[in-house]
Amino acid sequence: MSSGGKIEGGYVVASMLVMAPFAARRCSGALSRSRVGYDFDALSRSVASDVAVAILFIAFGILVVVGALSTRMINVHDPLGPMFFPVLGGIIIVLASLVVVAQVSRRVEASDARVPMPGQELAAAALVVAYVGVFPLVPFVFSTWVMLVSCLRLAGIRDLKVLATLSTAATAALYYGFAVGMRTLLP
Amino acid sequence: VSVLWDAVVYAIQPNTLVLAAAAMFFGIIIGALPGLGPTIGIAMVLPLTIFMPSGDSITVMMAIFVGTMLGNGIPAVLLRIPGTASALLTAEEGYIFQQRGEGDRALVMSFLAATVGQALSVVVFIIAVIPLASIATSFLFPELFALLSVGLLSVVMMTSGNRLKGVIALFAGLMIGIIGLDPMTGATRLAFGQRDLSLGVNTIAFLVGILAIPEVIAGIGRPEPVGGTPAKIKLKLATVLGDVKRTAPAMAVGTVVGIIIGALPGGGATLASFIAHQQARLVSKEPELFGHGSLDGLATVDAAGNASTSGELIPTLALGIPGGVTSALMLAVLQAQGLIPGANLLLTSPALLAHVFGGLIASVVLMFVIGLLFIGPSVYITRLSPRGVSAVALVLVVVSVYAVNNSMFDVWCAVVAGIVGYVVGRHGYPIAVIAMAFILSQPLEANLRRGLVMTDDPVAFVVRPIVLILLAITLLSIAAPSLVSFVRRRIGRGSEGAN
């Protein structure tokens, strides 16, 4: 991709940063409205979510075992070898996660998942991913200022003057702290 | 003695005092904001401390730790909002005083008990750490493996909720920690052909990601606390001295419990404060007041929580086993500076030891001075928006991780670790266990394999006195909860039969 394309892509993602808190609010509003029509059982949702996370760990365990088995062997006097520890760990993760799936499926009260996740927290996670995505593509001062405005807006600060002042001050502090103080090569 | 002298010289240097004072102010502000605790406070400055000399970095982290613990008590007493879980009982006991119009009395008691707990635990740390490290130097690979196993398992056993999830978190942390070069053969493991992964996941990036990002994300979504009326400090010296005299036994109990629980891997300030609260009731002249605005209860909880911070440092520096998440972050900084934390480092680097002692001494002195001067105005910190601070912290964390190596790969590692940590944390998987297993994974595996090469026989590996004792402790700690519930069931059935 050309540098022009990169910068253009960066500004598109940067604009997503600004919009994310507003989108999150609209999304959470829509979700709460949908609950009127569809009566989801909170307990079964937490169980499903718990099972999904356990499946994530099962996949991770399998990935570890597969990755460990492809380790290149080197002839050194070593009774266990480089594969033993990851294979053992991967198998334990898979087996323990299967037991968690069985436990949660059998006894719904065993689930200690806290769902649904608040819209603001999801939006904060999305914002940080978007910020890191644009970080190397656009100037630091711009991406950071936009990110701070978005985060502070998400955190409930409504006053535009306060938003602008806080974001500008924090961006300046970060820039001088890192680029000047620590001589970090910021984009 | 020469180390102690060097420590005092280091502690009174203007550079040390300015660093520690700045860190402590920062810690008090973070601690006073509901929901933000020492982990996030240290994680925010972690990448900056890497570039400092080792002694200074430990001093800064220790001062933040102490400052956050001190700051925690402010919203707990004034607003009944514990900054972190360790201040839950401070809120229970202290807020009743605030309702009675004696908030200043509770706030001063909380501060004095915290200072006493901290000061005494520093003395114990200075006395205990060298003998413990000297014992640990006689440990060979099998003993070190057994010691690390005990440490990790005790962290899992102390987690609340489903222990199986603790086991999964433990092995997940271990597996992420061994990504990269194998310590024995140099073969690349679990890198899946990715060049960036072949040297492993960056310790600072992973720890900052998994510990700080979930906290700040949750902080942004947490409802803003409803502010109360801050108390004005209008106490007479005689009242303060009378309260200190009255609560001295409770403070002593809190300090002892705090040091012991803090030194256990996975113990921490929360557990210490709860156990101390129970124990202090036994020595109190007014046990009926516990939970209903007891000065003894307040004093013991704050003494225990603060004493546990130096207690945590004992296994961290003497054995290389972090006592908790905060000390795991300290180990990560030492590792990032190219040092191998543990007994050998401590005993072969008297300068580092003197700086650690000096940093702790400076922290305690500053805690008293800053606390004394700052306790009045500190009530206004509670008017800051924790959500706004979390929002700024989110950006700071990302930029800090980038600043360590100017590496976007590290930043992505931190973000992925943070988001996965946030999701699994919400489902009851203990993030602290993942972090501690990650940091101990390489020494654990290396000591196991080197020990087996050394002994050339698995039986000879196990049949060593210290290994047997440590493995017995491990097995006992695994079996104890099941045994206790089995015995309770039997007793219950027996009494039902008798009835």
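The structure this text deals with has already been given above.
What comes next is a walk through the structure. (Residues numbered from 1 in each chain as written. Chains lettered and ligands numbered in written order. Predicted model: local features only at pLDDT ≥ 70, side-chain atom pairs only at ≥ 80, totals over all residues. Heavy atoms only, no water.)

1. A few points about the overall build of chain B
Then, in step 1: Counting its regular elements, chain B contains 20 helices and 2 strands.
Then, in step 2: For chain B, whose C-alpha radius of gyration is 23 Å, the value lies close to the compact-globule estimate of 23 Å for 499 residues.
Then, in step 3: With the principal axes as the frame, chain B shows a C-alpha extent of 70 × 70 × 50 Å.
Then, in step 4: Burial status across chain B gives 60% buried among its 499 residues.
Then, in step 5: The long-range fraction of contacts in chain B, counting pairs at least 24 apart against all pairs at least 6 apart in sequence, stands at 79%.
Then, in step 6: When the accessible area of chain B is evaluated, it comes to approximately 18,500 Å², of which 68% is carbon and sulfur surface.
Then, in step 7: In chain B, the 25 positive side-chain charges and the 22 negative ones have mean positions that sit 8 Å from each other. (Helix = DSSP H or I, 4+ residues; strand = E, 2+ residues; numbered from the N terminus. Rg over C-alpha atoms; globule rule 2.2 N^0.38 Å. Buried < 20%, exposed > 50% of the residue type's maximum accessible area, 1.4 Å probe, protein only. Contact = heavy atoms within 4.5 Å. Areas by Shrake-Rupley, 256 points an atom, 1.4 Å probe, with all protein chains shown as cover. Lys, Arg positive; Asp, Glu negative; His and termini not counted. Charge placed at Lys NZ, Arg CZ, Asp CG, Glu CD.)

2. Describing the overall build of chain A
Then, in step 1: The secondary structure content of chain A amounts to 6 helices and 0 strands.
Then, in step 2: When the helices and strands of chain A are placed in sequence order, the string is α-α-α-α-α-α.
Then, in step 3: Within the span of chain A, comprising 187 residues, buried residues form 40% of the whole.
Then, in step 4: Looking at chain A alone, contacts between residues at least 24 apart form 70% of all its contacts between residues at least 6 apart.
Then, in step 5: In the form shown here, chain A has an accessible surface area of approximately 10,200 Å², with 69% of it arising from carbon and sulfur atoms.

3. Notes on the packing of helix 5 (residues 88-99) of chain B against helix 12 (residues 295-319) of chain B
Residues and elements named next belong to chain B.
Then, in step 1: Where helix 5 meets helix 12, the closest approach of the two axes is 9 Å, and the angle between their N-to-C directions is 145°. Where helix 5 crosses over helix 12, the two elements pack in a sense that is left-handed. Between helix 5 and helix 12, the contacting residues are Leu89, Thr90, Glu93, Gly94 and Phe97 on the first element and Leu295, Gly297, Leu298, Val301 and Asp302 on the second.
Then, in step 2: Within the contact of helix 5 with helix 12, the residues separate by chemical class into 5 nonpolar, 3 polar and 2 charged. (Axes fitted to C-alpha atoms, helices over the stretch in contact; angles between N-to-C directions. Left-handed = near helix turned anticlockwise from the far one by under 90°. Nonpolar A, V, L, I, M, F, W, Y, C, P; charged D, E, K, R; others polar.)

4. Remarks on the packing of aromatic side chains
Then, in step 1: Considering all chains together, one arrives at 10 aromatic pairs over all chains under this definition.
Then, in step 2: Geometrically, the ring pair formed by Tyr131 of chain A and Phe135 of chain A is edge-to-face, given 5.5 Å between the ring centres and 80° between the ring planes. Across the pair, Phe135 of chain A and Tyr131 of chain A agree in class, each one buried.
Then, in step 3: Ring centres 6.5 Å apart and planes at 35° place the aromatic pair Phe140 of chain A and Tyr175 of chain A in the tilted group. Taken together, the residues Phe140 of chain A in helix 5 (residues 140-154) and Tyr175 of chain A in helix 6 (residues 160-181) connect sequence positions 35 residues apart.
Then, in step 4: Classification of Tyr175 of chain A as partly exposed rests on a relative accessible area of 32%.
Then, in step 5: An aromatic cluster is built from Tyr131, Phe135, Phe140, Tyr175 and Tyr176 of chain A together with Tyr402 of chain B, whose rings are joined through pairwise contacts. (Phe/Tyr/Trp six-rings, centres within 6.5 Å; stacked < 30°, edge-to-face > 60°.)

5. Section: the environment of Leu319 of chain B
Residue and element names in this part refer to chain B.
Then, in step 1: Secondary-structure assignment places Leu319 in helix 12.
Then, in step 2: Accessibility expressed as a relative area gives 22% for Leu319, which makes it partly exposed.
Then, in step 3: Between the C-alpha atoms of Leu319 and Gly342, which are 23 residues apart in sequence, the distance is 4.7 Å.
Then, in step 4: In contact with Leu319, not counting residues within four places along its chain, are Leu132, Ala136, Leu147, Ile314 and Gly342.

6. Let's talk about the pattern of salt bridges
All names here are of chain B.
Then, in step 1: Scanning the entire structure with this criterion turns up 11 salt bridges over all chains.
Then, in step 2: The salt bridge involving Arg464 is made with Glu143; its shortest N-O contact spans 2.9 Å. Of this pair, Arg464 sits in the loop between helix 19 (458-462) and helix 20 (465-498) while Glu143 sits in helix 7 (residues 141-157); the two residues are 321 residues apart in sequence, bridging distant segments of the chain.
Then, in step 3: Beyond isolated ion pairs, a larger network of salt bridges with shared partners links Arg100, Glu102, Arg105 and Asp243. (Salt bridge = Lys/Arg side-chain N within 4 Å of Asp/Glu carboxyl O.)

7. A few points about the nonpolar core
Residues and elements named next belong to chain B.
Then, in step 1: Counting 194 residues, the largest nonpolar core has Phe125, Leu174 and Phe206 as the members making the most contacts within it.
Then, in step 2: Leave out the neighbours within four places in its chain, and Phe125 touches Ser310, Leu313, Ile314, Leu317, Val356, Phe357 and Leu360.
Then, in step 3: Core analysis: the second largest hydrophobic core is formed by 9 residues, Val257, Ile261, Ala272 and Ala280 among them. (Core = buried A, V, L, I, M, F, W, Y, C linked by side-chain atoms within 4.5 Å.)

8. Overview of helix 1 (residues 2-11) of chain B
All names here are of chain B.
Then, in step 1: Among the residues making up helix 1, those that are buried are Val3, Ala7, Tyr10 and Ala11. Across the axial projection of helix 1, the buried residues extend over an arc of 95°, all falling on one side. Along helix 1, the residues that are exposed and aim more than 90 degrees away from the buried face are Ser2 and Trp5.
Then, in step 2: Residues of helix 1 that are buried make contact with helix 2 (14-32), helix 4 (54-79) and helix 15 (350-374). (Arc of directions from axis to C-beta.)

9. Overview of unusual backbone geometry
Then, in step 1: Despite not being glycine, Leu190 of chain B has its phi angle at roughly 55°, a positive value.
Then, in step 2: Within the secondary structure layout, Leu190 of chain B lies in the loop between strand 2 (188-189) and helix 9 (203-221).

10. Topic: a nonpolar patch on the surface
Then, in step 1: There is a patch of nonpolar side chains on the surface, built from Leu56 and Val129 of chain A together with Trp412, Val416 and Val420 of chain B and spanning about 400 Å² of accessible area.
Then, in step 2: The biggest single contributor to the nonpolar patch is helix 17 (residues 408-426) of chain B, with 3 residues.
Then, in step 3: Counting through the fold element by element, Val420 of chain B comes out in helix 17. (Patch = residues over 30% accessible without salt bridge, like charges linked within 9 Å, V, L, I, M, F, W, Y side chains within 5 Å.)

11. Re the environment of Phe368 of chain B
Then, in step 1: Residue position: Phe368 of chain B is located in helix 15.
Then, in step 2: A C-alpha to C-alpha distance of 23 Å links Phe368 of chain B and Leu353 of chain B, two positions 15 residues apart in sequence.

12. Focus: the interface of chain A and chain B
Then, in step 1: Counting residues at the interface gives 67 residues for chain A, matched by 60 residues for chain B.
Then, in step 2: Taken together, the two surfaces of chain A and chain B that pack against each other cover about 5,500 Å², and 77% of this comes from carbon and sulfur.
Then, in step 3: For the pair chain A and chain B, the interface holds 2 salt bridges.
Then, in step 4: Among the ionic pairs, Arg426 of chain B bridges to Glu121 of chain A, the shortest N-O distance being 3.5 Å.
Then, in step 5: Taken together, the links from chain A to chain B amount to 7 residue pairs in polar contact (both at pLDDT 80 or more).
Then, in step 6: Here the element with the most residues in the side of chain A that touches chain B is helix 3 (residues 81-106) of chain A; it accounts for 13 residues.
Then, in step 7: Of the residues contributing to the side of chain A that touches chain B, the split by class is 47 nonpolar, 14 polar and 6 charged. (Buried area = accessible area lost by both parts, 1.4 Å probe. Polar contact = N/O pair within 3.5 Å; in protein donor to acceptor, adjacent residues only side chain to side chain.)

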